[in-house]
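Here is how the chains run, residue by residue.
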Amino acid sequence: MRLDDKVTIITGGGSGMGKTAAELFAREGARVVVSDVSEAAGESVVASVKAAGGQATFIRADVSKEDDARGMVQHAIATFGRVDALYNNAGIMPEADHSVIDTDVDTWDKVMAVNVRGVFLGCKYAIPQMLEQGSGSIINIASFVAILGCSVPQDAYTASKGAVLALTRSLAVQFAGRGVRTNAISPGPIETPLLMDWLLKDEAAKALRLNRNPSGRFGKPEEIVSVGVYLASDESRWTNGANFVIDGGITVNYF
Ligand SMILES: NC(=O)c1ccc[n+]([C@@H]2O[C@H](COP(=O)([O-])OP(=O)(O)OC[C@H]3O[C@@H](n4cnc5c(N)ncnc54)[C@H](O)[C@@H]3O)[C@@H](O)[C@H]2O)c1
């Protein structure tokens, strides 16, 4: 299998693409640490992975909190003995996040705390373990909005994902010489609760997004996670500092 025994921490593993990552990584032989702020969601993913014959454990962690991030990595080491991959997937996109001129500071700070500080803290505690092992793969989930302007703005979210890409490059340069690779995936709009709970309420917003997409549809979680499997596996041993834009062709579409 492609991820035989690799210990992978998946943040935000209780829903959407994180849930799919837990399931597909485990199917490829990984030992999966599902982490989420929601205990019920995370535990249910662990139960479904185990029911399918996979290995998984749950640890409740709010990625924006330093003690939780430290505990998440310690739990992975205590349970499975090492950390081969960190899939930094937890993220939020609140409705109150709009243009800079009408977004309140609390919303801005909350988005930055989860989407940027969360990635920082996961890396802060996982990378030293990976350096000790001499190997590891950091996989940061950004977004296509990090590289595009949008006339329906979510400025805090956009800025947060831009920061994730910048941090990815910096880590890729710092640690590759010691065996730790860092890459990003920038998904386009994917059918998960994060996007659909919001878009389904607004047919015009949904149509606008579909019109811009040459593929004519939203992506599915497994169409992103399959790139994650590659990045966690040894097949990607020379892949470092890359940003995989997987968006059905939105970002290459002029008209
Ligand atoms: N769905 C999309 O269209 C899309 C597109 C581009 C990028 N992304 C990114 O992909 C990632 C996953 O998104 P999704 O669509 O699967 O979302 P989702 O809302 O379905 O799942 C996110 C999970 O993260 C958890 N979470 C939220 N805050 C957390 C915190 N502070 N600490 C730990 N866990 C927390 C939630 O409980 C949830 O289980 C996010 O980083 C998102 O920004 C999503």
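Attention here is on the structure that accompanies the text. Bear in mind the structure is a predicted one, so any value in this text is a computation, not a measurement.

1. Brief notes about the overall build of the protein
Inference 1: Counting its secondary structure elements, the protein contains 8 helices and 7 strands.
Inference 2: Expected size for 255 residues packed as a compact globule is a radius of gyration near 18 Å; at 17 Å, the protein falls within 12% of this value.
Inference 3: Along the longest, intermediate and shortest principal axes, the C-alpha atoms of the protein span 50 × 40 × 35 Å.
Inference 4: For the protein, with 255 residues in total, the buried portion stands at 51%.
Inference 5: In the protein, once contacts between residues fewer than 6 apart in sequence are set aside, the share between residues at least 24 apart is 72%.

2. Quick notes on the environment of R27
Inference 1: Relative to the helices and strands, R27 is located in helix 1 (residues 16-27).
Inference 2: The exposed category is assigned to R27, whose relative accessible area is 60%.

3. Some thoughts on the nonpolar core
Inference 1: Grouped together as the largest cluster of nonpolar side chains are 28 residues, with contacts concentrated most on F25, V32, Y87 and I185.
Inference 2: Secondary structure elements with two or more residues in this core: helix 1, strand 2 (31-36), helix 2 (39-51), strand 3 (55-60), strand 4 (85-88), strand 5 (136-141) and helix 8 (221-232).
Inference 3: Leaving out residues up to four positions away in the same chain, Y87 has contacts with I9, I10, T11, A21, F25, I139, I141, I185, I224, V225 and G228.

4. Here's the deal with the site of the ligand
Inference 1: Near the ligand lie 28 residues; those nearest to it are S15, D36, N89, Y157 and T192.
Inference 2: A distance of 2.8 Å separates an oxygen atom of the ligand from a polar atom in the backbone of I190.
Inference 3: Within the side chain of T192, a nitrogen or oxygen atom sits 2.4 Å from an oxygen atom of the ligand.
Inference 4: Contact with the protein chains covers 91% of the free accessible surface of the ligand, which is 830 Å².
Inference 5: Looking at the shell around the ligand, the elements with two or more residues in it are helix 1, helix 5 (155-175) and helix 6 (193-199).
Inference 6: With 3 residues, helix 6 is the single largest residue contributor to the shell around the ligand.
Inference 7: Among the residues making up the shell around the ligand, the classes are represented as 16 nonpolar, 9 polar and 3 charged.

5. Focus: the sheet that holds strand 3
Strand pairing in a sheet is mediated by backbone hydrogen bonds. Such pairs are either parallel or antiparallel.
Inference 1: Strand order across the open sheet formed by 7 strands is 3-2-1-4-5-6-7, with parallel pairing between neighbours. What marks the edges here is a single partner per strand, and that holds for strand 3 and strand 7 (243-246). The mean inter-strand angle of the sheet, taken between neighbouring strand axes irrespective of direction, is 15°.
Inference 2: Relative to strand 6 (residues 180-187), strand 5 runs parallel, the two sharing 6 bridges. Counterpart to I138 in the pairing with strand 6 is T182.
Inference 3: Sitting on the sheet, helix 3 (residues 66-80) is in contact with strand 1 (7-11), strand 2, strand 3 and strand 4, with an inclination near 155° to strand 3.
Inference 4: This element, helix 5, spans strand 5, strand 6 and strand 7 of the sheet and lies at about 160° to strand 6.

6. Quick look at helix 1
Inference 1: With 12 residues, helix 1 extends 17 Å from end C-alpha to end C-alpha; this agrees with the ideal 16 Å at 1.5 Å per step.
Inference 2: Most of helix 1 is tucked away: 9 of the 12 residues are buried.
Inference 3: The complete set of buried residues in helix 1 reads G16, M17, G18, T20, A21, A22, L24, F25 and A26.
Inference 4: Just past helix 1, the residue G29 takes up positive phi, approximately 100°.

7. Notes on the pattern of salt bridges
Should their charged atoms come close, side chains of opposite charge can pair.
Inference 1: In total, this model carries 10 salt bridges according to the counting rule given.
Inference 2: The shortest N-O distance in the salt bridge between E235 and R2 comes to 2.8 Å. On the criterion of sequence distance, the pair formed by E235 in the loop between helix 8 and strand 7 and R2 in the segment before strand 1 is long-range, its members being 233 residues apart.
Inference 3: A salt bridge links K124 to E66, with the shortest nitrogen-to-oxygen separation between them at 2.9 Å. Separated by 58 residues along the polypeptide, K124 in helix 4 (residues 105-133) and E66 in helix 3 bring together distant segments of the chain.
Inference 4: Residue K124 is classed as partly exposed on the basis of its relative accessible area of 37%.

Calculation rules
Residues numbered from 1 in each chain as written. Predicted model: local features only at pLDDT ≥ 70, side-chain atom pairs only at ≥ 80, totals over all residues. Heavy atoms only, no water. Helix = DSSP H or I, 4+ residues; strand = E, 2+ residues; numbered from the N terminus. Rg over C-alpha atoms; globule rule 2.2 N^0.38 Å. Buried < 20%, exposed > 50% of the residue type's maximum accessible area, 1.4 Å probe, protein only. Contact = heavy atoms within 4.5 Å. Core = buried A, V, L, I, M, F, W, Y, C linked by side-chain atoms within 4.5 Å. Near = heavy atom within 4 Å. Polar contact = N/O pair within 3.5 Å; in protein donor to acceptor, adjacent residues only side chain to side chain. Areas by Shrake-Rupley, 256 points an atom, 1.4 Å probe, with all protein chains shown as cover. Nonpolar A, V, L, I, M, F, W, Y, C, P; charged D, E, K, R; others polar. Pairing = 2+ DSSP bridges. Axes fitted to C-alpha atoms, helices over the stretch in contact; angles between N-to-C directions. Expected span 1.5 Å × (residues − 1). Salt bridge = Lys/Arg side-chain N within 4 Å of Asp/Glu carboxyl O.

By themselves these figures say nothing about function.
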